[in-house]
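# Topology and contacts: notes
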Amino acid sequence: MRKQDKNIWHNSWAVESYSIKVNSQDLKSRFDVRRVDGILDNSEKVRPFESAPVVFKQGGIQQTATFKWGMIPFSKASGSVTRRTLEIPAESLIEKRFNISFRVFQQRRCVCLIDKFTVRMFPNSDELVTVTSNPGEPFAVAGVWDCWSNAMSVYTREPENFRTFAMLTVPFPPEAGMEFTHLRMPFVLSRDAATEWLNSRLDPYGLVREIFNQRADDAPEMTIKVSQSPGSELN
């Protein structure tokens, strides 16, 4: 099991890091984005608790902005943050086992953009599994976000108010191969599902259940590569 960090909600998480290379014009056409703020056009290696671009809807406007990966609930008292949610198993939302604000789930859904992500084959293993999307077609990953106010910002480097997000995860699809079925990966949405995820005002639990059940038909095209982590004795 991975060493626990004081800022991590769970002792372990699926995604080690991910990269994103997005063209702002493509984003506007793919998601009908009307406002762009802080989108990264160059490839970035995003690690937990770092900033990354997401697509979200607020005030009836589809837009993009840079949020921090690791969601802090709005209700969390300033200065008392000890854990952040990096990932949420989709199944736990369907079964209502994950403690998440209904307001966030219904009104603050987002799409995380990912070109490539890396997961570890087993805890503490040197084997890394890297999954890459088709060129020019980044994965659209289901996520949720919230806005947190940090009254202690005068003593820290964090902005006074900042937005944070968590991504949903699902098991690797069976067609990826039996050796990967024990792993989890980001919940990748089809184009239609991504639009529904951002815009639907229906029951959010029913929405995630419907998209989850359709994921076999909407499985994304992806390339999987297994390698040794840098610094491994096997390298």
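Before reading on, note that the structure itself is shown above.
Residues numbered from 1 in each chain as written. Predicted model: local features only at pLDDT ≥ 70, side-chain atom pairs only at ≥ 80, totals over all residues. Heavy atoms only, no water.

The helix and strand tally for the protein chain stands at 5 helices and 14 strands. Per-residue burial for the protein chain yields a buried fraction of 47% across its 235 residues. Contacts spanning at least 24 positions in sequence make up 69% of the contacts within the protein chain whose residues lie at least 6 apart. Surface exposure of the protein chain reaches about 12200 Å², of which carbon and sulfur atoms provide 47%. (Helix = DSSP H or I, 4+ residues; strand = E, 2+ residues; numbered from the N terminus. Buried < 20%, exposed > 50% of the residue type's maximum accessible area, 1.4 Å probe, protein only. Contact = heavy atoms within 4.5 Å. Areas by Shrake-Rupley, 256 points an atom, 1.4 Å probe, with all protein chains shown as cover.)

Below, the discussion takes up the pattern of salt bridges. If you walk through the whole model with that rule in mind, you get 6 salt bridges. Here Arg-120 and Glu-16 are joined by a salt bridge, their closest N and O atoms 3.1 Å apart. One end of the pair, Arg-120, is in strand S8 (residues 116-120); the other, Glu-16, is in strand S1 (residues 15-20), and 104 residues separate them in sequence. Residue Arg-120 is classed as partly exposed on the basis of its relative accessible area, which comes to 23%. Within this structure, Arg-30, Glu-137 and Arg-191 form a network of salt bridges that share partners. (Salt bridge = Lys/Arg side-chain N within 4 Å of Asp/Glu carboxyl O.)

Glancing now at the pairing of strand S7 (residues 109-114). Burial within S7 is extensive, with 6 of its 6 residues counted as buried. Here S7 runs beside strand S10 (residues 139-149); their pairing, made up of 6 bridges, is antiparallel. Bridging from a neighbouring strand, Leu-113 pairs with Ala-140 of S10. (Pairing = 2+ DSSP bridges.)

A separate point is the state of the cysteines. Using the criterion set out here, one finds 0 disulfides in the structure. Free cysteine Cys-112: the closest other cysteine sulfur is in Cys-110, separated by 4.6 Å. (Disulfide = S-S within 2.5 Å.)

This brings us to the nonpolar core. The nonpolar side chains of a soluble globular protein tend to be buried with one another. The biggest cluster of nonpolar side chains holds 64 residues, and the ones touching the most others in it are Phe-31, Val-111, Phe-117, Phe-165, Phe-172, Phe-187 and Trp-197. Looking at which element gives the most residues to this core, the answer is S10, with 6 residues. (Core = buried A, V, L, I, M, F, W, Y, C linked by side-chain atoms within 4.5 Å.)

What helix H5 (residues 204-213) keeps buried is the set Pro-204, Tyr-205, Leu-207, Val-208, Ile-211 and Phe-212. What you see down the axis of H5 is that its buried residues fit within an arc of 160 degrees, all on one side. (Arc of directions from axis to C-beta.)

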